[in-house]
Protein chains: 2
Amino acid sequence: MSFQYDERLDGPLPTHDKAALVAELGALLPDLQLLHATEDLRPFECDGLSAYRTTPMMVALPGRVEQVQALLKFATARNVPVVARGAGTGLSGGAMPLEKGILLVMARFNRILDIDPEAGTARVQPGVRNLAISQAAAPHGLYYAPDPSSQIACSIGGNVAENAGGVHCLKYGLTVHNILKVEILTIDGERLTLGSEALDSPGFDLLALFTGSEGMLGIVVEVTVKLLTRPQSAKVLLASFDDIGKAGDAVAQIIGAGVIPGGLEMMDNLSIRAAEDFIKAGYPVDAEAILLCELDGAESDVREDCDRVGALLRTAGATDIRIAQDEAERQRFWAGRKNAFPAVGRISPDYYCMDGTIPRRELARVLKGIAELSAEYGLRVANVFHAGDGNMHPLILFDANAPGELDRAEALGARILELCVAVGGSITGEHGVGREKINQMCAQFNSDEITLFHALKAAFDPARLLNPGKNIPTLHRCAEFGSMHVHHGALPFPELERF
Amino acid sequence: MSFQYDERLDGPLPTHDKAALVAELGALLPDLQLLHATEDLRPFECDGLSAYRTTPMMVALPGRVEQVQALLKFATARNVPVVARGAGTGLSGGAMPLEKGILLVMARFNRILDIDPEAGTARVQPGVRNLAISQAAAPHGLYYAPDPSSQIACSIGGNVAENAGGVHCLKYGLTVHNILKVEILTIDGERLTLGSEALDSPGFDLLALFTGSEGMLGIVVEVTVKLLTRPQSAKVLLASFDDIGKAGDAVAQIIGAGVIPGGLEMMDNLSIRAAEDFIKAGYPVDAEAILLCELDGAESDVREDCDRVGALLRTAGATDIRIAQDEAERQRFWAGRKNAFPAVGRISPDYYCMDGTIPRRELARVLKGIAELSAEYGLRVANVFHAGDGNMHPLILFDANAPGELDRAEALGARILELCVAVGGSITGEHGVGREKINQMCAQFNSDEITLFHALKAAFDPARLLNPGKNIPTLHRCAEFGSMHVHHGALPFPELERF
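Residues numbered from 1 in each chain as written. Chains lettered and ligands numbered in written order. Predicted model: local features only at pLDDT ≥ 70, side-chain atom pairs only at ≥ 80, totals over all residues. Heavy atoms only, no water.

Visitor: Just to check I follow, could you spell out the interface of chain B and chain A for this structure?
Guide: Many structure descriptions define interface size as the accessible area lost when the parts assemble. Across the boundary between the two partners, chain B contributes 59 residues, which contact 58 residues of chain A. Taking both sides of the interface into account, the surface hidden between chain B and chain A amounts to around 5100 Å²; carbon and sulfur atoms contribute 63%. There are four salt bridges connecting chain B and chain A. Of the charged contacts in the structure, one is a salt bridge between Asp-116 of chain B and Arg-361 of chain A, with a shortest N-O distance of 3.2 Å. Between chain B and chain A we count six residue pairs in polar contact (both at pLDDT 80 or more) in total. Counting only elements with at least two residues in the side of chain B that touches chain A, the list comes to strand S9 (191-195), helix H8 (206-210), helix H11 (299-315), helix H16 (441-444) and helix H17 (447-460) of chain B. When residues in the side of chain B that touches chain A are grouped by element, the largest group, nine residues, is from H17 of chain B. Of the residues belonging to the side of chain B that touches chain A, the class tally is 26 nonpolar, 19 polar and 14 charged. (Contact = heavy atoms within 4.5 Å. Buried area = accessible area lost by both parts, 1.4 Å probe. Salt bridge = Lys/Arg side-chain N within 4 Å of Asp/Glu carboxyl O. Polar contact = N/O pair within 3.5 Å; in protein donor to acceptor, adjacent residues only side chain to side chain. Helix = DSSP H or I, 4+ residues; strand = E, 2+ residues; numbered from the N terminus. Nonpolar A, V, L, I, M, F, W, Y, C, P; charged D, E, K, R; others polar.)

Pasting the structure below:
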């Protein structure tokens, strides 16, 4: 099975006597919850990238920062790799365990420590669920803006690790734009404060460097997030199109007109039908594409924006435009989109979710390319987009039990990501690199850039004990992988010639 | 004179035969403009922190990227320090030259390479002036948001180096939030692309790490900035207060109500009088404090916000509220604020501008503390604030020709910054650390954090040739300086006990 740590390509990992380590760690931290029996380890074999499994050597579930600190010092002293895990909802295998490593589960750190409505901040432990922050802030009329589709379950520590986005990040930014400060432990158990509650922090921007670093630089033990005032009003328009290219043009028109929607999402016919079948959101199942455009802000402003956007959508060729008539319908429109992945899961035994980003102007060309690749590999692709910021989520439908289909799905996914890079985009918008896109990093970056990443990693974790084999490929891996692939689009990408 | 590079505290610098280096570099790059005669070097002795001067060994004014690349390779090979400089308007001595180093002036890279109105981006060379970008984008109804007071003169490369802000950064963010991609040269002349035109870039966030790194990690040779649609409407309210604490409360009320003003600035009586005398902005010279609150967006939205903010200001105790009646008056209101520094320069032989940030709730306490410190040191302090984001610019008035006043001004400045740190703030909001605040970094960060900064620096520039002695202090300097100062507010700060 692919997506496993490969010692040949990712570098050797230290090997240990598991029983001895368990005994030692148990003696050191008698009140640490530590799982090591095979049946106890099963639930931790995978994260959201669920077709792939690895059994961790052991699983630690600490409940106090001092335990994490002691565990990290132990791991450093004994040279044992450590993989941190929040809720395990990540989609790129960033929290996939290692057979030779400790899986450090931060789920028990689930307390909201403080909400300061005046400053507009919340101080929370890393295991707090994304949605729980907004729920706790709601009595003050505040909320936490980033809203990944997994927000009911995903934890803020994982959001920081992956720099999570969501359907509202076009207007409100990614995780990095919505946090002020994180407290971390380095691999040697040292506690550092990154960022501050002030506007800007002197020195190098460690907070931004850490956010999205996928557990490779340290372990989050506390996060101070920004809270926003809930907009006075929010309306959603649902526009239908008989051609997906026209929907793409409409996106360009809206952004070009200077409107910044709270969310601007596109779905193609296959996604529309899957979502409608599952959620009964009220989507037009015959449309080739729909756009969901949310406008939020002051009442009068939203009314005006709805009129402007409605006119733009009509000009762009929308065959039908509906405005959610009440909050229940607005929620239903979004529920269809937010459940598009599981909805596709109902019409196919397995699916593989991609996360490429492209410059918006390349949308039509990339969609055409995906359709051609889909035909070439004989696998259906459902397209769901954060259209406003060019973040695509093509879902490749396959059956892992059909011989060769998983391999074909992976190969098709890799081709789609390389297509994104070739048009000036990138291999991930919000899901991260993890294990899944480790090879495509060699297409995104050249060897000087990869070397610099390793040097930065070494500044935090010279023995590379934290989440090895994720996010940043070894140069050896790139050398094996690289010869056949583009670097910064410098080599010709055959698909592009044809489009 | 202080603020000079100090080999004892900052580490030794390599010493060279200047004539030999000039000859070698001249032979290597015959068409490079290279200044080395003392009279030619004079104009480059200081940046905006103008009380302090150092003569550089030589000044290079390249016009092509290949020349910069060759110069950096030469500097690496010969082990010569390099200080990059944009327009030299920085206020913390970040671009102050070294007697033993080359000053690399990027001013000739002043071309706007490309404006893409559809994508909302501009690709510019580093020497392009901040305001020139907005001027070039204006025909498309677009502009570049960050607007430091020096925006007529300062260059975008310097803005990136210092992560510049401005009066509108409460709503629109700092430089780091308004750029997509920079092309840099490392000290060994290697060209790297940081960031991308896509939403997010995989791997570690090198763009954010680089932004604000004060010329210590590489040389900017190209910047891709975001352009925003000019707001339909902008109104400014000018509110007078008979007590500066009430003005502070009004700020909390406005932010707490969920209004995000385009700008929210406060000035105290001394600043008001100085600015009015200079600019005739129409300010109330008897007020203890004024607030300038700009509201921008759609026409109807701005009208509504003006009503809300007006009501909040009245409740908070404003003695008078005026709305700029036309664009000319709006510009005049802002001109008073934007010229507050030179205005203070007219009422005092010299002034020293601080740049601390504090949590907004600490405003009253910190103002009281500054008043007490001002009395203790016998120097007047004029207060100008980006009130919305807690970024204070106390201006210490002194006379460099009066014996001991410069030293007293520096000592008072240091105490003010340490007060900011002690209440949970930071020593710089937007001006950077440079030479000026190098000692206060030891108050802001502990030795583990400083060590990490050095490790990150080493990942880019192991021989520490780029802008040595700025931004990040040596541990030796902190050891000399640190024993008497707070770390993370852990030690008691005597002033705070008294407030």
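Visitor: What is the right way to read the packing of aromatic side chains from this model?
Guide: The geometry of an aromatic ring pair is captured by the separation of the ring centres together with the interplanar angle, meaning the angle of the planes. One pass over the structure, following the stated rule, counts ten aromatic pairs over all chains. Plain terms: the ring middles of Phe-3 of chain B and Tyr-352 of chain B are 6.5 Å apart, the flat faces sit at 50° to each other, and that makes the pair tilted. Taken together, the positions of Phe-3 of chain B in the segment before helix H1 (7-10) and Tyr-352 of chain B in strand S16 (residues 350-353) put the pair 349 residues apart, joining distant regions of the chain. A single burial state applies to Phe-3 of chain B and to Tyr-352 of chain B, both of which are buried. An aromatic cluster is built from Phe-204 of chain A together with Phe-445 and Phe-453 of chain B, whose rings are joined through pairwise contacts. Here the basic side chain of Arg-230 of chain A rests over the ring of Tyr-143 of chain A, its NZ or CZ set 4.4 Å away from the ring centre. (Phe/Tyr/Trp six-rings, centres within 6.5 Å; stacked < 30°, edge-to-face > 60°. Buried < 20%, exposed > 50% of the residue type's maximum accessible area, 1.4 Å probe, protein only. Lys NZ or Arg CZ within 6 Å of the ring centre and 35° of its normal.)

Visitor: Just to check I follow, could you spell out empty space enclosed by the protein for this structure?
Guide: A water-sized probe rolled over the atoms picks out the places where empty space is left. Across all of its chains, the model carries three cavities of 30 Å³ or more by this definition. Computed from the structure, the largest cavity encloses a volume of approximately 120 Å³. Taken together, 15 residues line the largest cavity, and the ones lying closest to its centre are Asp-200, Ser-201, Pro-202 and Gly-203 of chain A together with Gly-212 of chain B. In terms of residue class, the lining of the largest cavity is built from three nonpolar, eight polar and four charged. Approximately 60 Å³ is the volume attributed to the second largest cavity. Looking at the second largest cavity, the residues that line it are Phe-445 and Phe-453 of chain A together with Thr-193, Leu-194, Gly-195, Ser-201, Pro-202, Phe-204, Asp-205, Leu-206 and Leu-207 of chain B. Elements with a contribution of two residues or more to the lining of the second largest cavity: S9 and H8 of chain B. (1 Å grid on protein atoms, 1.4 Å probe; cavity = no way out; pocket = protein on both sides within 12 Å on 5 of 7 lines; lining within 4 Å. Points joined across faces, edges and corners; volume = space filled by probe spheres on them.)

Visitor: Could you clarify how one ought to interpret the relation of the copies chain B and chain A in this entry?
Guide: One copy of the chain maps onto the second through a rotation around an axis plus a translation along that axis. Between the two copies, chain B and chain A, the superposition gives an RMSD of 0.1 Å; the rotation angle is 180° and the shift along the axis is 0.0 Å. Classification of the inter-copy transformation places it as that of a two-fold axis. By residue overlap, the copies meet face to face through one surface: 98% of the interface positions of chain B are interface positions in chain A. (Least-squares fit on C-alpha atoms with pLDDT ≥ 70 in both.)

Visitor: Where do I start with the pattern of salt bridges in this structure?
Guide: Opposite charge on two side chains makes pairing possible when the charged atoms of those side chains draw close. Tallied over the full model, the rule gives 56 salt bridges over all chains. Residue Arg-123 of chain A is joined to Glu-222 of chain A by a salt bridge in which the shortest nitrogen-to-oxygen separation is 3.1 Å. With Arg-123 of chain A in strand S6 (residues 121-124) and Glu-222 of chain A in strand S10 (residues 219-226), this pair connects stretches of sequence that are 99 residues apart. For the salt bridge of Lys-338 of chain A with Asp-147 of chain A, the shortest nitrogen-to-oxygen distance reads 3.2 Å. Here Asp-147 of chain A lies in the loop between strand S7 (142-143) and helix H6 (156-162) and Lys-338 of chain A lies in helix H12 (residues 327-338), a separation of 191 residues in the sequence. Of the residues examined, Asp-147 of chain A reaches a relative accessible area of 6% and is grouped as buried. The network of salt bridges with shared partners includes Asp-116, Lys-181 and Glu-197 of chain A together with Arg-361 of chain B.

Visitor: Looking at this model, I keep getting lost on the sheet that holds strand S9 (residues 191-195) of chain A. Mind explaining?
Guide: Within a sheet, adjacent strands bond to each other through the backbone by hydrogen bonds, running parallel or antiparallel. Residue and element names in this part refer to chain A. The five strands lie next to each other as S5-S6-S10-S8-S9, forming an open sheet whose pairing is antiparallel. Looking at strand neighbours, the two that pair on one side only are strand S5 (112-116) and S9, the edges of this open sheet. Across the sheet, the mean angle separating the axes of adjacent strands is 15° when strand polarity is ignored. Pairing geometry for strand S8 (residues 179-185) and S9, over five bridges, is antiparallel. Bridge pairing in S9 places Val-182 opposite Leu-194. Sitting on the sheet, helix H4 (residues 65-78) is in contact with S8, S9 and S10, with an inclination near 55° to S8. (Pairing = 2+ DSSP bridges. Axes fitted to C-alpha atoms, helices over the stretch in contact; angles between N-to-C directions.)

Visitor: Mind showing me how you'd approach helix H17 (residues 447-460) of chain A here?
Guide: Residues spaced three or four apart along an α-helix face the same direction, because each turn holds 3.6 residues. Residues and elements named next belong to chain A. With 14 residues, H17 should cover 20 Å at 1.5 Å per step; its first-to-last C-alpha distance of 20 Å lies within 8% of that length. When H17 is considered as a whole, its buried residues turn out to be Glu-449, Ile-450, Leu-452, Phe-453, Leu-456, Lys-457, Ala-459 and Phe-460. For H17, the N-terminal capping position is held by Asn-446, with its side-chain oxygen 3.0 Å away from the main-chain nitrogen of Asp-448. (Expected span 1.5 Å × (residues − 1).)

Visitor: Explanation requested: the domain arrangement of chain A in the structure shown.
Guide: Residue and element names in this part refer to chain A. As far as domains go, chain A holds domain 1 (7-105), domain 2 (112-229), domain 3 (233-343) and domain 4 (348-498). Listed per partner, the contact involves 22 residues of domain 1 and 22 residues of domain 4. Buried surface at the junction of domain 1 and domain 4, summed over both partners, amounts to about 1800 Å²; 54% is from carbon and sulfur atoms. Of all residues in domain 1, Leu-9, Asp-10 and Ser-92 give up the largest surface area on contact with domain 4, accounting jointly for 35% of the area buried on that side. Where domain 1 meets domain 4, there are three salt bridges. The salt bridge partner of Arg-435 is Asp-10, with a shortest N-O separation of 2.9 Å. Counting every contact that joins domain 1 to domain 4 gives 15 residue pairs in polar contact (both at pLDDT 80 or more). Looking at the side of domain 1 that touches domain 4 element by element, the count peaks at three residues for helix H1 (residues 7-10). For the side of domain 1 that touches domain 4, the class distribution of residues is 14 nonpolar, six polar and two charged. (Domains from an automatic or database assignment.)

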